[in-house]
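Structure assessment
Chain residues, written in single-letter form:
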Amino acid sequence: MTNLNKVLKERFGFNEFKPGQAAILEALIAGQNVVGILPTGGGKSLIYQMMGSLRPGVVLIVSPLLSLMQDQVGRLNFLGEAKAIALNSTLDQQTRTDVLRHLGDFHYIFVSPEMLTNPSIQRALRQVQINLMVVDEAHTIVSWGPDFRPEYLQLAAIHAQLNRPQLLLLTATATQKMLASMLTVMQLDVQHTKIVRLSVNRENIYLQTTTLDNEGQKREEVRRLVQQLRGPGVIYFASRKLATSMAGWLNDHTDLRVAAYHAGLDAVARFTIQQQFMQDELDVITATSAFGMGIDKNDIRYVIHYHLSRSMADYVQEFGRAGRDGQSSIAIQLYVPGDERLQLDMIRSTIPSEQTVTQVYGKQIDETLLDATQLELIHYYQSQNISASAASAIFARRLRERLNELQHLLHYVTLTSGLRDELLTT
Ligand code: ADP
Ligand code: MG
C-alpha cells in the first residue's frame, strides 16, 4: 500500500487515491479479474496507467471512443516514460503496418473493438506479452442503445485467443442487470471476479428524464415544475436567447423571481444576479453553461435541463450543482426526441469544414461571412504553418469526437430515464 502511494506520488504527482482506485489496484496486483464502476471523472484511467508502470508487458486497452483514445495516448506520451499508441480507423495502412511490426516497443496499446477483430492485429498482439487487458467504457459491451457494437460479442473469444490475460472492465454506468450481462458476455464468473462499485449518482440527487412531444409541452412542463418544486433552482439552456426569453415568460406566468444568466451579460449584471440568487432574492436562474463556475450556493434544490448539455462531462457538472448541502434534490432532463439536433448544429457551426478551410487558406472567401470561432481556429493553424489538409483532418477528428460525446450523453440520459429505478437501487 505504501508502495502504491509512492508510485502515485512520484510517477503521477497525486497525493492520494480517489475512492475505489486503491481497491481496484490491490485486486489487480493480487491477480484477480476486476470490474471497476467509478463515476465519470473518478480517475479510472489512472488505474491501468499505474498497472503499466508497476509491471512489465503491454497494457492493452479496448476503448470505444476515438476521442478518449487520442486523449489518453497524448497524455501518456506526454508523461514520457512509456510509449502509447492508438490502433484505430484513423491510422493509414502504411502506418498500421509499421506499428504492427514494432508493437513490442509500445507499453500502452489502445484499440477500438473493430480493430481488435482484425486478424493481422490479433496476430501481432499474440507476439507481445500482455500485462493487462482493459475494456474501458465497458457498459458498451452490453447490447443497448444506438451505438451497440457487434464487435464486442467477439471480445471474449479474442481474450481467449490472447491467452486470457488479466482483465479489467471499467465503466461509470452499470446497473446490476448490465453488470451481469457484461460478465456473461466476457465469460467471467461472479465468484472469481472482484467487483468494485462506487455510486455513480450523487446519492441525494434524484435523476429523472421526462420525454415530451413538442416545445410547447416542454415549456408548460417547466412552468409546472418550477411551481411545484421548492427552493432555489437552475434551468440550463443551450441558447442565450431562449434562456432570456424563458426568464421573461416565467416572470410573467408564475409568481417566482427569475433571471437569466449567460456570458453575453456584462460582469456587473452577472455579479448582481449571482448575489441575488445567493441571498434568495431570486428563485430561479435560467442559464447557459456559463453559469456555475465560482458559484457556491449549496442549497440548490433542482436543476432542470431544457436542452441536452454539450457533453456528458458538462452534464454531470451541471446537475451536480444541485444539493451540495447533502439535502435531497432533483435533476430533471427534459427531452423532445430530436433535441440532439440543436447541439449537433452548434457543434457543426463551430468546427470548420474542409471546404471552409481550403477557402480561407486560399483567400477565396469573404471572412466576415464566417463564424468567428471557426475563423479564429483556421487562422491559428495557418499561423502554425499547418497545411490546409492537416488542419482539415484535425477538425474532422474534433467533429467526430464531439459527436461521440454527444451520443454518449444522449445514451446516458435515455438510459437514466428507462432504468432510473434500477440505478437508484444500486
Ligand atoms: P474517468 O475515466 O474515471 O472518467 P479520468 O481517468 O479521465 O476519469 O480522470 C479524471 C481526472 O482525475 C483526470 O484529470 C486525472 O488526472 C485525475 N485523477 C486521477 N486520479 C487522481 C488522484 N488520485 N488524485 C487526483 N486526481 C486524479
Ligand atoms: Mg475514462
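Cut-offs and rules
Residues numbered from 1 in each chain as written. Chains lettered and ligands numbered in written order. Predicted model: local features only at pLDDT ≥ 70, side-chain atom pairs only at ≥ 80, totals over all residues. Helix = DSSP H or I, 4+ residues; strand = E, 2+ residues; numbered from the N terminus. Buried ≥ 20, exposed ≤ 12 C-beta atoms within 10 Å, placed from the backbone. Contact = placed C-beta atoms within 7 Å. Near = placed C-beta within 6 Å. Nonpolar A, V, L, I, M, F, W, Y, C, P; charged D, E, K, R; others polar. Core = buried A, V, L, I, M, F, W, Y, C linked by C-beta atoms within 7 Å. Pairing = 2+ DSSP bridges. Axes fitted to C-alpha atoms, helices over the stretch in contact; angles between N-to-C directions. Right-handed = clockwise from strand over helix to strand, strands pointing away. Left-handed = near helix turned anticlockwise from the far one by under 90°. pLDDT = per-residue confidence, 0-100.

1. Here we look at the overall build of the chain
Secondary structure summary: the chain contains 17 helices and 13 strands in total. A total of 426 residues make up the chain; the buried ones form 34% of that total. Within the chain, contacts between residues separated by at least 24 positions form 76% of all contacts whose residues are at least 6 apart in sequence.

2. Here's the deal with the site of ligand 1
Looking at ligand 1, there are 12 residues lining it, with Phe14, Gly43, Lys44, Ser45 and Leu46 nearest. Looking at which element gives the most residues to the shell around ligand 1, the answer is helix α3 (residues 44–54), with three residues. Along the lines of polarity and charge, the residues of the shell around ligand 1 split into four nonpolar, six polar and two charged.

3. Details of the nonpolar core
Core analysis: the biggest nonpolar cluster contains 53 residues, and Ile109, Phe110, Val134 and Met182 have the highest contact counts within it. Sorting elements by how many residues they give to this core places strand β2 (residues 58–62) first, with five residues. Those residues in contact with Met182 that lie beyond four places of it in its chain are Val35, Ala138, Ile141, Val142, Leu169 and Ala174. Judged by nonpolar contacts, the second largest core, of 42 residues, contains Leu242, Met246, Ala331 and Leu334.

4. Looking at the sheet that holds strand β7 (residues 193–197)
Reading across from one edge, β3-β4-β2-β5-β6-β1-β7 is the order of the seven strands in this open sheet, with parallel pairing throughout. Strands at the two margins of the open sheet, each flanked by one partner only, are β3 (84–87) and β7. Each strand axis lies, on average, 15° off the axis of its neighbour in the sheet, ignoring direction. Two elements, strand β1 (residues 33–37) and β7, share five bridges in a ladder whose sense is parallel. By the bridge assignment for β7, Val34 is matched with Lys194.

5. Concerning the sheet that holds strand β8 (residues 205–211)
If you walk across this open sheet you meet the six strands as β8-β13-β12-β9-β11-β10, and the pairing is parallel. In this open sheet, the two strands that pair with only one neighbour each are β8 and β10 (258–261). Neighbouring strand axes in the sheet, compared pairwise and without regard to direction, differ in orientation by 20° on average. In this sheet, strand β13 (residues 329–335) lies alongside β8 in parallel orientation, the contact comprising seven bridges.

6. Remarks on the environment of Thr210
Counting through the fold element by element, Thr210 comes out in strand β8. For Thr210, a count of 15 C-beta atoms within 10 Å puts it in the partly exposed group. Along the backbone, Thr210 and Leu334 are 124 residues apart, and their C-alpha atoms lie at a distance of 5.0 Å. Setting aside residues no more than four positions away along its own chain, Thr210 makes contact with Glu221, Ile332 and Leu334.

7. Some points on the pairing of strand β4 (residues 108–111)
Of the two faces of β4, the one lined by Tyr108 and Phe110 and the one lined by Ile109 and Val111 are each fully buried. In this sheet, β4 lies alongside β2 in parallel orientation, the contact comprising four bridges. Bridging from a neighbouring strand, Leu60 pairs with Ile109 of β4. Relative to β4, β3 is paired through four bridges, and the arrangement is parallel. For Ala84, the partnering residue across the bridge sits in β4 and is Tyr108. Taken together, β3, helix α5 (residues 93–101) and β4 constitute a β-α-β crossover, and its handedness is right-handed.

8. Here's the deal with the packing of helix α2 (residues 21–29) against α3
Between α2 and α3, the shortest axis-to-axis distance is 10 Å and the interhelical angle comes to 40°. With respect to the hand of their crossing, α2 and α3 are arranged in right-handed fashion. Between α2, through Gln21, Ile24, Leu25 and Leu28, and α3, the contact on the second element is made entirely by Leu46, Ile47, Met50 and Met51. In terms of residue class, the contact of α2 with α3 is made up of seven nonpolar, one polar and no charged.

9. Quick word on unusual backbone geometry
At Arg164, a position not held by glycine, the phi torsion is positive, near 45°. You can see Arg164 is positioned in the loop between α8 (155–161) and β6 (167–171). Under the C-beta neighbour-count criterion, Arg164 is labelled partly exposed, with 13 such atoms within 10 Å. Positive phi outside glycine occurs at Asp280, with the angle close to 60°. Tracing the backbone through its elements, the reader meets Asp280 in the loop between α12 (267–278) and β11 (284–287). Its 12 C-beta neighbours within 10 Å are what place Asp280 among the exposed residues.

10. Things to note about the confidence of the model for the chain
Summing up the model confidence of the chain, the mean pLDDT is 86 and the portion of residues at 70 or higher is 91%. Of all secondary-structure elements in the chain, the lowest mean pLDDT belongs to helix α17 (residues 388–425), at 72, while strand β9 (residues 233–236) reaches the highest, 98. Here residues 143–148 is a poorly scored stretch, pLDDT under 50, and it has five contacts once near neighbours within four places are set aside; other chains count. Interface confidence in the predicted complex, given as ipTM, is 0.99; pTM for the same model is 0.58.

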